[in-house]
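Examination of the molecular architecture
Here is what each chain is made of, one letter per residue.
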Amino acid sequence: MARRGFTTRASGQSVVVCQGLIKTFKDFWMRDRARAVDGVTFEINRGEVFGLLGPNGSGKSTTIKVLLGLLRPTKGRVAVFGLPPSDVETKKRIGYLPEESFLYPFLNARETLDYYAKLFEIDHRTRERRIDELLDMVGLKSAQFRQVREYSKGMQRRIGLAQALINDPELLILDEPTSGLDPLGRMKVREIIQRLRNEGRTVFFSSHELGEVETVCDRVAMLHQGELKAEGRVQDLVREHQQINLEQVFLKIIGYHDSSVPNDSSIHRQAA
Ligand SMILES: Nc1ncnc2c1ncn2[C@@H]1O[C@H](COP(=O)(O)OP(=O)(O)O)[C@@H](O)[C@H]1O
Ligand SMILES: [Mg+2]
């Protein structure tokens, strides 16, 4: 079950270990084109909700892709469930929501989930039960027979979440799960994340919306230009930096001083 308020770093508890991760992208002549991730270290414990925060281009998706084994690290050590990300055994235990979900437009929600469940070789009875549960969880039961091409952005994000959960994963990796959603859609996704935590799952998600993650994360890591700028429990970071919220902590850490920026401003204004 969910265990909150971890302070221990005992490696036995670590679901994800990322040590000194560097990822550079090369150009055609194999010269370093971009250092997307620059020496990032963090660990995620079992049952935690961990937020990877930072503006656009700060290295969040690159870090996630390395953890999933979709990209190879240039340097550093990465382990998921104590194994290298390329290990097939780890994939069965992970659910992944990419930044842009690919959905087959002419399948309805039920067929979409059934298709992915079959890829995991889940038997018919379990598939039917799990699809019902997931459609309920993400609030798409009444729309389950509509083709997903008719879905709003929020509904597509929610079917993507259900798809990420189809294999009953222990670890959820969600890349910007609330991006492009209206306030109600965001709240629903936050509620789903809370629910996953209550079920004892480990949730790792990225966001550039610092304001909205405070309520949902046990711990956060803040990235800026590929570097880890801060890491810890939300309330500890706010207290240590003597700020009123995470957004202000971030602005202070990156040395952004602008008295005209109100406290509830969004960081993408700064990041633009
Ligand atoms: N395949 C790629 N080739 C070259 N540069 C890339 C590639 N993917 C990402 N980058 C660069 O790496 C940096 C971090 O990107 P990304 O990890 O997508 O950031 P975020 O997810 O935080 O918005 C950006 O400068 C981006 O342009
Ligand atoms: Mg990204």
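Up top you'll find the structure we're talking about.
This report concerns the structure included in the present document. (Residues numbered from 1 in each chain as written. Chains lettered and ligands numbered in written order. Predicted model: local features only at pLDDT ≥ 70, side-chain atom pairs only at ≥ 80, totals over all residues.)

Some words on the pairing of strand β1 (residues 14–26)
Taken together, the 10 bridges between β1 and strand β2 (residues 32–45) define a ladder with antiparallel strand orientation. Bridging from a neighbouring strand, phenylalanine 25 pairs with alanine 34 of β2. The hairpin formed by β1 and β2 contains five residues between the paired strands, and methionine 30 there has a positive phi angle of roughly 65°. (Pairing = 2+ DSSP bridges. Helix = DSSP H or I, 4+ residues; strand = E, 2+ residues; numbered from the N terminus.)

Some remarks on the sheet that holds β1
Sheet strands line up and pair through hydrogen bonds in the backbone, either parallel or antiparallel. Spatially, the three strands line up as an open sheet ordered β2-β1-β4, and their pairing is antiparallel. Because the sheet does not close on itself, it has two edges, and the strands there are β2 and β4 (75–80). Between one strand axis and the next, the sheet turns through 20° on average, direction left out of account. Where β1 and β4 come together, five bridges link them in antiparallel fashion. Paired with isoleucine 22 across the strands is lysine 75, a residue of β4. Strands in contact with helix α1 (residues 60–67) are β1, β2 and β4; relative to β1, the strand with the most contacts, it is inclined by about 115°. (Axes fitted to C-alpha atoms, helices over the stretch in contact; angles between N-to-C directions. Contact = placed C-beta atoms within 7 Å.)

A look at the nonpolar core
The biggest cluster of nonpolar side chains holds 64 residues, and the ones touching the most others in it are Ala162, Ile173 and Phe204. Considering every element that reaches this core, the biggest residue donor is β2, with five residues. In this structure, phenylalanine 204 is in contact with Val16, Ile44, Phe50, Leu52, Leu171, Leu172 and Ile173, ignoring residues within four places of it in sequence. (Core = buried A, V, L, I, M, F, W, Y, C linked by C-beta atoms within 7 Å. Buried ≥ 20, exposed ≤ 12 C-beta atoms within 10 Å, placed from the backbone.)

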